[in-house]
Amino acid sequence: MQTLKKISLFAAALGLASMVGCAAVDDDITVSEAVDDTVITTKVKAALVADDDLEAREIQVETREGVVQLSGFVDERDDIPKATRLADGIEGVRSVVNNITAR
């Protein structure tokens, strides 16, 4: 019985150590930063969809460390800076890289 207790304790410690080791998701990005980036991406996409003048389904959004990258296509040239302004207005966005192209 004592051996089973020690094995269980060891397994729990090993599991905890592996979870702590997973605190960095990619390079130097922590889990918290990755979650923040996901929230920012979702909010930017929501802002783009809420704007009736933009073809939001044609715009892709990626975020890394608060830097939002927009890519895709729009019908009007005026939509390119508009998408940048919408993304830049989201809390947590540090900067916006706009690679959107007008057709």
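In short, a report on the structure. All values derive from a computational prediction rather than experimental measurement.

Criteria and thresholds
Residues numbered from 1 in each chain as written. Predicted model: local features only at pLDDT ≥ 70, side-chain atom pairs only at ≥ 80, totals over all residues. Heavy atoms only, no water. Helix = DSSP H or I, 4+ residues; strand = E, 2+ residues; numbered from the N terminus. Core = buried A, V, L, I, M, F, W, Y, C linked by side-chain atoms within 4.5 Å. Buried < 20%, exposed > 50% of the residue type's maximum accessible area, 1.4 Å probe, protein only. Lys, Arg positive; Asp, Glu negative; His and termini not counted. Salt bridge = Lys/Arg side-chain N within 4 Å of Asp/Glu carboxyl O. Polar contact = N/O pair within 3.5 Å; in protein donor to acceptor, adjacent residues only side chain to side chain. Contact = heavy atoms within 4.5 Å.

1. Side note on unusual backbone geometry
Step number 1: Phi is positive for E65, close to 55°, though the residue is something other than glycine.
Step number 2: The residue E65 is located in the loop between β3 (59-64) and β4 (67-74) in this model.

2. Focus: the nonpolar core
Step number 1: Ranked by size, the top nonpolar core spans 17 residues in total, and within it V44, L48, I59, V68, L70, A83 and I100 carry the most contacts.
Step number 2: Counting residues per element, the ones that place at least two in this core are α2 (31-50), β3, β4 and α3 (79-88).

3. Section: the side chain of D37
Step number 1: Relative to the helices and strands, D37 is located in helix α2.
Step number 2: Although buried, D37 forms no salt bridge, and the nearest oppositely charged side chain, R64, lies 6.4 Å from it.
Step number 3: A distance of 3.0 Å separates the side chain of D37 from the backbone nitrogen of G66, its partner in a polar contact.
Step number 4: The residues contacting D37, other than those within four sequence positions of it, are T63, R64, E65 and G66.

None of the figures reported here should be taken as evidence of function without further support.
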